[in-house]
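Structural overview for review
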Amino acid sequence: MIAMLKSSKRELILIYRNLYKFFTRKKHLLKIYSFFNESLSAEYILIKKNINFPNIPQGSDFDIYVLNEESFSNSLISYFEKFENYKITLMKTKIRSNQVDLYYKGRFIYKFDLLDSAHIPDIFNKSFIKDSLNKKTVHHFLFKGKKMKINIPENAYENLIRFVEHKIYPEKIHHLKYIENLQASEIEELERMIKKYTNI
């Protein structure tokens, strides 16, 4: 009987923890999406949108092309400074681009990987990020009953980004699967984009 009670107690604790994680994740994401929603005029696009978007698991990355990494980093920092218990740290990646880590009560929750033309992989030409920003489109979605918007690339640019990502990191099979599901017309467009923007 005691063993059964202990087992039930452990199960209840596990359920409580999972519910707590679920609702706190929603709270954090609402703040993140509100930032993007308020920054539509800024020069950014969210690339390689997570398959679970907008319900992105904690610990995940937001990969973002920006016109200027320093300016966008400062905007993120200023935004989250308004909220209690949130902290942002800024660090440089191996290619010297900005990585912005978001913490809540001392615990890491999300990462923003920023990339501008100064740090784009050599496989792309230098005009690619600027052109993809100029061709950005607005993605509309609902989150916690609120209408949200976020800047994303046009499909042609997103397809090329994923193609190159798999070229650089062959172990990222999900990008290959994404490309394999493209229509014939999209494949033809991708081939034109490869010639225009890469040295492949």
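Everything in this summary refers to the structure shown in the same document. Per chain, residue numbering runs from 1 following the sequence as it is written. The predicted nature of this model means local features are confined to residues of pLDDT at least 70 and side-chain atom pairs, given and counted, to a pLDDT of 80 or more, with totals for whole chains, interfaces and linings taken over all residues. Side-chain metrics rest on all non-hydrogen atoms present in the structure, leaving aside hydrogens and water.

Counting its regular elements, the protein chain contains 6 helices and 7 strands. Looking at the protein chain residue by residue over its 200 residues, the buried ones come to 41%. Contacts are assigned to residue pairs with any non-hydrogen atoms lying within 4.5 Å of each other. A fraction of 60% describes how many contacts in the protein chain between residues 6 or more apart in sequence connect residues 24 or more apart. Here the protein chain has roughly 11900 Å² of accessible surface; of this, 54% comes from carbon and sulfur atoms. Secondary structure counts use DSSP, requiring at least four H or I residues in a row for a helix and at least two E residues in a row for a strand, with both numbered from the N terminus. The buried label goes to any residue with under 20% of its type's maximum accessible area, the exposed label to any with over 50%, and the partly exposed label to all in between, with areas taken from a 1.4 Å probe on protein chains only. In short, Shrake-Rupley with a 1.4 Å probe defines the accessible areas, and a residue's cover is counted only from the protein chains shown.

So, about the sheet that holds strand β1 (residues 44-47). Across the sheet, which stays open at both edges, the 5 strands sit in the order β1-β2-β5-β4-β3 with mixed pairing between neighbours. The open sheet has two free edges, formed respectively by β1 and β3 (86-92), since each of these has just one partner strand. With direction set aside, neighbouring strand axes in the sheet form an average angle of 25 degrees. If DSSP finds at least two bridges between two strands, the strands pair. Relative to strand β2 (residues 61-66), β1 is paired through 4 bridges, and the arrangement is antiparallel. Fitted lines through C-alpha atoms give the axes, limited to the stretch in contact for helices. The angle between two N-to-C directions lies from 0 to 180 degrees.

This brings us to the environment of Asn55. Mapped onto the fold, Asn55 is located in the loop between β1 and β2. With a relative accessible area of 31%, Asn55 lands in the partly exposed category. As for Asn55 and Lys26, which are separated by 29 residues in sequence, their C-alpha atoms are 7.7 Å apart. A distance of 2.8 Å separates the side chain of Asn55 from the side chain of Lys26, its partner in a polar contact. Polar contacts, as used here, are pairs of N or O atoms within 3.5 Å; protein pairs need one atom able to donate a hydrogen and one able to accept it. Residues neighboring in sequence count only if both atoms are side-chain atoms.

Of the pairings in the sheet, the one linking β3 to strand β4 (residues 98-104) comprises 7 bridges and is antiparallel in character. Note that in β4 the partner of Ile88 across the bridge is Leu102.

The next point concerns the environment of Lys27. Residue placement: Lys27 occurs in helix α1 (residues 2-38). Exposure remark for Lys27: the relative accessible area of 29% places this residue in the partly exposed category. When sequence neighbours within four positions are dropped, the list of residues in contact with Lys27 reads Tyr86 and Tyr104. Within the local environment of Lys27, its side chain forms a polar contact with the side chain of Tyr104, the two groups lying 2.9 Å apart.

Time to look at helix α2 (residues 69-80). Counting along an α-helix, one turn takes 3.6 residues, and residues three or four places apart therefore face a common direction. A rise of 1.5 Å per residue sets the reference length of α2, with its 12 residues, at 16 Å; its end C-alpha atoms lie 17 Å apart and thus fit the reference within 8%. Regarding α2, the residues found buried are Glu69, Phe72, Ser73, Leu76, Tyr79 and Phe80. End-on, the buried residues of α2 take up no more than an arc of 130 degrees, which puts them together on one face. Between the side-chain oxygen at the start of α2 and the backbone nitrogen of Glu70 there is a gap of 3.1 Å, and the oxygen is on Asn68. Any helix carries an expected span of 1.5 Å times its number of residues minus one. Each direction from the helix axis to a C-beta atom contributes to the arc, which is the arc of those directions.

What follows deals with the environment of Ile187. Looking at the element boundaries, Ile187 is found in helix α6 (residues 184-197). Between the C-alpha atoms of Ile187 and Leu160, which are 27 residues apart in sequence, the distance is 9.9 Å. Not counting chain neighbours up to four residues away, the residues in contact with Ile187 comprise Ile179 and Leu182.

What follows concerns the side chain of Arg162. When you line up the elements, Arg162 lands in helix α4 (residues 155-168). Here Lys49 takes part through its backbone oxygen, which lies 3.2 Å from a polar atom of the side chain of Arg162. Dropping the residues within four chain positions of it, Arg162 is found in contact with Lys48, Lys49, His175, Tyr178 and Ile179.

Our next topic: α4. Counted at 1.5 Å a residue, the expected span for α4 with its 14 residues is 20 Å, and the 20 Å between its end C-alpha atoms agrees. For α4, the buried fraction is high: 10 of the 14 residues fall into the buried class. Among the residues making up α4, those that are buried are Ala156, Tyr157, Glu158, Asn159, Leu160, Ile161, Arg162, Val164, Glu165 and His166. Structurally, α4 contributes buried residues whose contacts are with β1, β2, α3 (128-134), α5 (173-180) and α6.

Treat this as a map of the structure, not an account of what it does.
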